[in-house]
Amino acid sequence: MRKVIICSFSILILFVNGCIDEINLSLPSSANHLVVDGMITNAPGPYTIRLSYSNNYFDPYSSNISDYNPNDLVKKAKVSVIDNNGNEEVFEEKSPGLYQSSEDGMRGEVGVSYKLKIELENGEKYESDKETMPANVGIKGYYTEFSSKKYLDENNVERSVDGLNLSIIPNNFDGKFEFYRWRWKGTYEIMTFPELKTKNVQGQQVPDPPACAFETIPDDVYDVRCKCCICWVTEPSTKSIISSKVIGNSRTFLHFLENTDGRLVGKYHLNIEQLSITKEAYEFWNIIKQQEDSHTPFSITNTKVPTNIVSLNDENEKVMGFFSAASIRDSSFYVDKSYLETRPVPLPQIKSDCRVLKYSTNVKPLFW
Amino acid sequence: VRYLLTALPLIFSLSLAFGQDFETKIPNHKLGITLTKLITEIERNENVKIFFLPEWTDNITIDVSYSGQNIKAALERILIGKNFQIQTIYNYGIVLLRDPKVDEIRREIITNTEDEIRTYSFGNEANAKWGEEVTFNGTITSETTTEVIPGATVYANEVDKGTSSNASGKFNMDLPVGEHLITVQGLNYESQTFLIKIYESAQFDIILQENPYTLDEIVVEDNAINESFQNVTAGATRLSLEEIQKVPSMMGEADVIKSVQLLPGVNSVGEASAGFNVRGGTADQNLILLDNGIIFNPNHLFGFFSAFHPDAVKDVTFYKGAIPIQYGGKISSVLDVRQRDGNSKSIKGSGGIGLITSRLMLEGPIAKNKVSFMVAGRSSYSDWLLKKAQDEDLRQSSTFFYDFTGKMSALVNKKHKLSASIYHSNDKFKLANDTLYSWQNSSVSINFERTIKEDMYHISSLSAGNYSYEIKDDDPLEAFSWKYGINNFQAKSYLFWRQKNHLFTAGLDVTGYEIKRGKLEPTSSVSTFDEVALENEYSIIAGAFFSDEIQLGKFAVIPGLRLSNFALFGPFTQPLYDPEEPVNDYSILGTETYDKKEVAKMYFGVEPRIAAKYNLNLNSSIKASVSRNYQYLHLISNTTAISPIDSWVSSNEYIKPQIGYQYSLGYFYQTNKSNITSSIEVFYKNIDNVPEYRNGANLALKQNIETELINSTADIRGAEFSLIKEGRLSGQLSYTYSSSRRRTNTSYEELQINNNSFFPSNYDQPHNVKFNANYDISKRHVFSVNFNAATGRPISAPSERFLINNVSVINYPERNNYRIPTYHRLDLSLLIRTSHKKDKKWEGSWTLTVYNVYGRKNAFSIFFEDGTHGNYRYPKAYKLSILGSIFPSVTYNFIIK
């Protein structure tokens, strides 16, 4: 529905010669707040808690935590999770800012409440509200349809891209209130041409293939492909996808699978996770969802993002993020490409090691 | 030459003391020569020097012999009545002086009159008794009706002498023998200037043409500003069509709403908004009436045009202070638009052709002098602009709107007037992707006015109206139809009764609403939409009111009281929320169901309103008012301007009526000639139960919308300064300071906005300067300038970002903590009237408008988007300007007589 309204206005703007210009804003900055990103689930552990500091809005950012500035990662903190039965699990720092429970440690259970405790190196203490893990009903089915979507490119020229819209239908709700968050991971195969790589020598392009272009994967006599020509890209969901019984979504839109970069040339594997979350967690993700939907000129009022973490030393200190307890059901399948009404768009010829691409690996996934 | 003329009196005033009488006599001369020639003769023959300009004397002919007469006496005789002074220097020089003021006056009049100035001679010059006065009299009649015109003025410019015609159109005045530029003016008539050479008493009948441009409205125009000065109520403004037409508008078409936005205390958030905010109130707190019918969305084309046909409008009265007692239901203002009654004598019309719209109005008698009609329509044809667009999708889009209005008026007899009005407006906007967006307003009203006896006047009105919108998509996968509508009816009857120094107003009104809150339906079997249908709301508001305007010498006061009763009727389902919990979807304990005609909720409002005025002297007064208003219907919108998808909801158990208190105090000053009026007003407003949107509110198609709202209080304070000048150069300069703040008052922390502390409302624009000037370059050319500057409105700006579960999250620490850049804009317009002749049936004029002269890209909003580089994304801020450049337009307007 928003789309409708936005389009109408955009047309109007063009019609009366309106325009969009980049401007410099000196926004009030209030970065460097503690950010907590953690979850206990009923899936087998280990579970992770990430601690970092928030960035200024206009700082460049990456949706990949590995691109983070090391100074923004919170090191040497004491992190533990306590359940309502008094069990405590201590999370060890595995890498800067990344805290993990032990392999054979705590396992989340539906109906049990969990609380996160953090003590920073400087002695500052933080605590989350109690999160009680709700039950989960599972996924009933999914839905695929062809779609195309318009967007403005960097020069504000409207372009369109087609692809498949993926939606899911959960099993019939039976509880009083149920809140779901959805995550997905999509995997597809790509092929690059590292053997064609060249370099510039005194104005001349001379061949410069990396060594891996002539090596094969060891330990697999049947797999004679070049070590860095064929890779699998596993892209994660980077949006807040939620649904609830109250809002009455029988079908939840999951993702628009773009017909670009070779995604739909071969098979596309999708793993969907259904996370049953608390009302508080739902409200947290709901605000984020609204933010995502509102990157438009006629956006609705953006608002403060809630949190369930408080500082024990200073109650006015702002803390960001959420500690969640969620039960998980998942489902995996290959996307039905017969819905695609256009030709699959291949990956442009890339003359380099396929592993340098984002989310790419040359290790064949087990399910492939 | 002009400098010489002005310098002469200065130089020679010094010499005057030395003046001596001349003994020189005039030599023999021929008859029929010019005075220039005669002077040359004198200078050649006598030892005398005469200073003069030949252009003064070239057209004075000497028909009588002055031979042998004293030169000074002779010159006096020749020049008498011609505005000359004769001065002598010593015994050899004579200076002919003309009063430069008289020349200035003449020159100005002559340059300002396009028509050739006709000359009429009366009497025989030979019989002229120079220096004496003669009588000039006659009758003034109208060309069109051939009736006599009472009250027309006859003015002799140079001698600054005037008279006016009596009830039978006769005038009579004494003038010195000689030449006079006479100007004759009558209300609604075109003024006429001619030159008379009067030597003997004469009779002259004058015929005036009806003024082709300023119709009946000129009467209002002349009094409007005066009236607001004399009005007891502060903050009441009447605008005439004439004033509205002078304001430069974007598409060159007079616009009622845009004119109202020029008044101090009235803001709008930008170009694409026909909604306006009055003294810090929301756009839904304005009651907009068209011949007493309620108009919900006064918008065409997303606010670029207002929905009132400019030629059909007679006048517009706008109240922003204490709202008169006969109006109820809204807190901030009343915009009462009245349509013209058709001409009851002959068929007339007017219209215009612009770049985007064309319009036509026709009026005339059905039964002469008894029953008249007026019909007007307007339609857009902006599609051709879209077809010119580069973008394929734009070319496939289309936009269209029209409106139609009509009025029939009947003078039943001298004491009874009956009129019926009908109005319909429609907007359609179709996108290339098959989404059709349409909205319409309809209103029908019957008004009956009768004079019961000389001091008692009774007005009754019945009206019904509808506002609805629909969004439709035909693309099978997304096919849907979303409909919203609101129907209303109103019956109103009130009485004015004057008794000595009292004017009583009393009456009753009943207003009913049916709100069809929304229905979303999938319109194809594969559509991804599910059906959502919200429950309709039925409500009736009954009101009774009484006020008394009491005049006590210099003091006048209007105490008044309005009682209102709101009832929400079934069928209605009210969820009941846990009183210990915030009102949300999770705290519903059960529901209460009300059957048809059962009262689901009732509110009773006591609305006292008092306005007072104290005249300090003839030129200045102090006005004060206190009022309390109730509003039972609320517009739910999270955009800043009125947009077509906003929806109105009724009050219910949880959505309380808004209660507004306003206190205002003002000082008003008017100069003696009443061409300059200035005022200072301060006001304070407090509005309880303003619905504010909670963080993360979901407003679209939400049945129990109360869960998305938080009760808040508005605190508004401000001051308005205004300076109005009338005359050839007319205009208004105003400055408004207003602070419009909100504060939520909930004890639940998760619902509090900015921790229950004050924050600026979405449309808060503290500083606002407006300047509008119109200069009548000549009778045919009017040049107008319009400038508007306002503080940028607030937005919620992001402060920080973090990553959680691969999802990037932005935190907006506070609501409305940042402002978009200052808004300012300059518009110019030139009105060119084509020449008009007496017998012309068609009068045309061109309006050339340059909107946003220096092409400022005023921000409508600011939004944020990311640029990408490698693995990183770079957030950027963008501003959206509705108008990205200078916008010139041309409109041709015409009047059919």
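**A few points about the overall build of chain A**
Okay, so step 1: When its secondary structure is counted, chain A shows two helices and 22 strands.
Okay, so step 2: Looking at chain A residue by residue over its 368 residues, the buried ones come to 49%.
Okay, so step 3: Within chain A, counting contacts between residues at least 6 apart in sequence, those at least 24 apart form 70% of the total.
Okay, so step 4: As presented, chain A carries roughly 18,000 Å² of accessible surface, and 48% of it is formed by carbon and sulfur atoms.

**Some details on the overall build of chain B**
Okay, so step 1: Tallying secondary structure elements over chain B gives 10 helices and 57 strands in all.
Okay, so step 2: By the burial criterion, 56% of the 897 residues in chain B qualify as buried.
Okay, so step 3: If you take every contact in chain B between residues at least 6 apart in sequence, the share linking residues at least 24 apart comes to 64%.
Okay, so step 4: Put simply, chain B shows about 36,200 Å² of open surface, and 55% of that area lies on carbon and sulfur atoms.

**Topic: the state of the cysteines**
Residues and elements named next belong to chain A.
Okay, so step 1: Under the definition given, this model contains two disulfides over all chains.
Okay, so step 2: Sulfur-sulfur distance for the disulfide between Cys 212 and Cys 228 comes to 1.9 Å. The S-S bond linking Cys 212 to Cys 228 shows a torsion near 80°; that makes this disulfide right-handed. With Cys 212 in the loop between strand E15 (204-207) and strand E16 (230-236) and Cys 228 in the loop between E15 and E16, the pair connects residues that are 16 residues apart, well separated along the chain. Pair check on accessibility: Cys 212 and Cys 228 agree, each one buried.
Okay, so step 3: Two residues, Cys 231 and Cys 354, share a disulfide whose sulfurs are 1.8 Å apart. When the S-S torsion is 60°, as for the bridge of Cys 231 with Cys 354, the disulfide is right-handed. Highlighted residues: Cys 231 in strand E16 and Cys 354 in the loop between strand E21 (320-334) and strand E22 (360-361), separated in sequence by 123 residues.
Okay, so step 4: Residue Cys 354 is classed as buried on the basis of its relative accessible area, which comes to 0%.

**A short note on the pattern of salt bridges**
Residues and elements named next belong to chain B.
Okay, so step 1: One pass over the full model with this rule turns up 29 salt bridges over all chains.
Okay, so step 2: For Glu 720, the salt bridge is made with Lys 320, and the minimal N-O distance between the two is 3.1 Å. With Glu 720 in strand E44 (residues 709-725) and Lys 320 in the loop between strand E22 (313-319) and strand E23 (333-339), this pair connects stretches of sequence that are 400 residues apart. The burial state of Glu 720 is the same as that of Lys 320; both residues are buried.

**With respect to the sheet that holds strand E9 (residues 161-164) of chain B**
All names here are of chain B.
Okay, so step 1: Strand order in this open sheet of five strands is E6-E12-E11-E8-E9, and the pairing throughout is mixed. Both edges of this open sheet fall to strand E6 (118-122) and E9, since each of them pairs with a single strand only. Here the average twist between neighbouring strands, direction ignored, is 25°.

**Quick notes on the side chain of A:Thr192**
All names here are of chain A.
Okay, so step 1: One can find Thr 192 in the loop between strand E13 (179-191) and strand E14 (198-201).
Okay, so step 2: One polar contact links the side chain of Thr 192 to the main-chain carbonyl oxygen of Cys 228, over a distance of 3.4 Å.
Okay, so step 3: If we skip the residues at most four places from it in the chain, Thr 192 touches Cys 228, Cys 229, Leu 347, Ile 350, Ser 352, Asp 353, Cys 354 and Leu 357.

**Here's the deal with the packing of aromatic side chains**
All names here are of chain B.
Okay, so step 1: The tally for this structure, following the rule as stated, stands at 43 aromatic pairs over all chains.
Okay, so step 2: Ring centres 5.3 Å apart and planes at 50° place the aromatic pair Phe 305 and Phe 401 in the tilted group. You can see Phe 305 sitting in strand E21 (residues 305-306) and its partner Phe 401 sitting in strand E27 (residues 398-413), a full 96 residues away along the chain.
Okay, so step 3: Looking at Phe 305, the relative accessible area reads 2%, which means it is buried.
Okay, so step 4: Of the residues examined, Phe 401 reaches a relative accessible area of 0% and is grouped as buried.
Okay, so step 5: Taken together, the ring pairs connect Phe 296, Tyr 467, Tyr 469, Trp 482, Tyr 484, Tyr 513 and Trp 648 into an aromatic cluster.
Okay, so step 6: One Lys or Arg, Lys 601, reaches over the ring of Tyr 603 and ends 5.0 Å from the middle of that ring.
Okay, so step 7: Note that Arg 741 overlies the ring of Phe 758, its terminal NZ or CZ placed 4.1 Å from the centroid.

**Notes on the confidence of the model for chain B**
Residues and elements named next belong to chain B.
Okay, so step 1: This prediction gives chain B a mean pLDDT of 82; 86% of its residues lie at or above 70.
Okay, so step 2: The secondary structure element of chain B with the lowest average pLDDT is helix H1 (residues 2-15), at 38, and the one with the highest is strand E46 (residues 759-760), at 94.
Okay, so step 3: Residue range residues 1-20 is modelled with pLDDT below 50. Its contacts to residues more than four positions away, or to other chains, number 21 contacts.
Okay, so step 4: In this model, residues 212-226 is a region of pLDDT below 50 whose contacts with residues beyond four sequence positions or in other chains number 37 contacts.
Okay, so step 5: Overall fold confidence for the complex sits at a pTM of 0.75, while the interface term, ipTM, reaches 0.85.

**Quick word on the sheet that holds strand E4 (residues 55-56) of chain A**
Okay, so step 1: The strand order E4(A)-E50(B)-E51(B) describes an open sheet built from three strands, whose pairing is antiparallel. The sheet terminates laterally at E4 of chain A together with strand E51 (807-811) of chain B, the two strands that pair on one side only.
Okay, so step 2: In the sheet, strand E50 (residues 800-804) of chain B pairs with E51(B) via five bridges, with the strands oriented antiparallel. Across the sheet, the residue bridging to B:Ile804 is B:Val807, located in E51(B).
Okay, so step 3: Helix H2 (residues 279-293) of chain A contacts E50 and E51 of chain B of the sheet and is inclined by roughly 90° relative to E51(B).

**Here we look at the confidence of the model for chain A**
Parts of the model with low pLDDT should not have their predicted coordinates read in detail.
Okay, so step 1: Averaged over every residue, the pLDDT of chain A is 82; residues scoring 70 or more account for 84%.
Okay, so step 2: Taken as a whole, residues 1-17 of chain A scores under 50 in pLDDT and shows 52 contacts with residues more than four places along the chain or in a different chain.

**What to know about the nonpolar core**
Residues and elements named next belong to chain B.
Okay, so step 1: Ranked by size, the top nonpolar core spans 47 residues in total, and within it Phe 296, Tyr 327, Trp 482, Ile 486, Tyr 513 and Trp 648 carry the most contacts.
Okay, so step 2: The element best represented in this core is strand E31 (residues 480-499), accounting for four residues.
Okay, so step 3: For Phe 296, the residues in contact, after removing those within four places along its chain, are Asn 441, Tyr 467, Ile 486, Asn 488, Tyr 513 and Trp 648.

**Brief notes about the packing of helix H2 (residues 35-45) of chain B against helix H4 (residues 71-79) of chain B**
Residue and element names in this part refer to chain B.
Okay, so step 1: Here H2 crosses H4 at 175°, and the two axes come no closer than 13 Å. On the basis of the axis angle, H2 is roughly antiparallel to H4. In this structure, H2 contributes Leu 35, Leu 38 and Ile 42 to the contact, and H4 contributes Ile 71, Leu 75, Ile 78 and Leu 79.
Okay, so step 2: Class assignment for the residues of the contact of H2 with H4 results in seven nonpolar, no polar and no charged.

**Things to note about H2(B)**
Okay, so step 1: Turning to H2(B), its buried residues number three or more, namely B:Leu35, B:Thr36, B:Leu38, B:Ile39, B:Glu41 and B:Ile42.
Okay, so step 2: Buried-residue contacts for H2(B) involve strand E1 (33-34), strand E2 (49-51), helix H3 (54-57), strand E3 (61-62), H4 and strand E5 (93-98) of chain B.

**Considerations on a nonpolar patch on the surface**
Residue and element names in this part refer to chain B.
Okay, so step 1: Where nonpolar side chains cluster on the molecular surface, the patch consists of Leu 552, Phe 555, Tyr 614, Leu 616, Ile 622, Leu 665, Tyr 667, Tyr 669, Ile 680, Val 682 and Phe 721 and spans about 900 Å² of accessible area.
Okay, so step 2: Mapped by element, the contributors of at least two residues to the nonpolar patch are strand E42 (658-670) and strand E43 (676-693).
Okay, so step 3: By residue number, the principal contributor to the nonpolar patch is E42, which donates three residues.
Okay, so step 4: If you trace the backbone, Leu 616 turns up in the loop between strand E38 (599-615) and strand E39 (620-631).

**A closer look at the pairing of strand E25 (residues 357-367) of chain B**
Residue and element names in this part refer to chain B.
Okay, so step 1: Looking at chain direction, strand E24 (residues 348-353) and E25 are connected through six bridges and run antiparallel. Note that in E25 the partner of Lys 348 across the bridge is Glu 363.
Okay, so step 2: Connecting E24 to the next strand, E25, in antiparallel fashion are three residues.
Okay, so step 3: In terms of strand pairing, E25 meets strand E26 (residues 371-380) through 10 bridges, oriented antiparallel. Each bridged residue has a counterpart across the sheet, and for Pro 365 the counterpart in E26 is Ser 372.

**Thoughts on H4(B)**
Residues spaced three or four apart along an α-helix face the same direction, because each turn holds 3.6 residues.
Okay, so step 1: Within the span of H4(B), buried status applies to B:Ile71, B:Ala74, B:Leu75, B:Ile78 and B:Leu79. Mapping the buried residues of H4(B) onto a view down its axis gives an arc of 120°, with all of them on the same face.

Rules of the game
- Residues numbered from 1 in each chain as written.
- Chains lettered and ligands numbered in written order.
- Predicted model: local features only at pLDDT ≥ 70, side-chain atom pairs only at ≥ 80, totals over all residues.
- Heavy atoms only, no water.
- Helix = DSSP H or I, 4+ residues; strand = E, 2+ residues; numbered from the N terminus.
- Buried < 20%, exposed > 50% of the residue type's maximum accessible area, 1.4 Å probe, protein only.
- Contact = heavy atoms within 4.5 Å.
- Areas by Shrake-Rupley, 256 points an atom, 1.4 Å probe, with all protein chains shown as cover.
- Disulfide = S-S within 2.5 Å.
- Salt bridge = Lys/Arg side-chain N within 4 Å of Asp/Glu carboxyl O.
- Pairing = 2+ DSSP bridges.
- Axes fitted to C-alpha atoms, helices over the stretch in contact; angles between N-to-C directions.
- Polar contact = N/O pair within 3.5 Å; in protein donor to acceptor, adjacent residues only side chain to side chain.
- Phe/Tyr/Trp six-rings, centres within 6.5 Å; stacked < 30°, edge-to-face > 60°.
- Lys NZ or Arg CZ within 6 Å of the ring centre and 35° of its normal.
- pLDDT = per-residue confidence, 0-100.
- Core = buried A, V, L, I, M, F, W, Y, C linked by side-chain atoms within 4.5 Å.
- Parallel < 35°, antiparallel > 145°, perpendicular 65-115°, else oblique.
- Nonpolar A, V, L, I, M, F, W, Y, C, P; charged D, E, K, R; others polar.
- Patch = residues over 30% accessible without salt bridge, like charges linked within 9 Å, V, L, I, M, F, W, Y side chains within 5 Å.
- Arc of directions from axis to C-beta.

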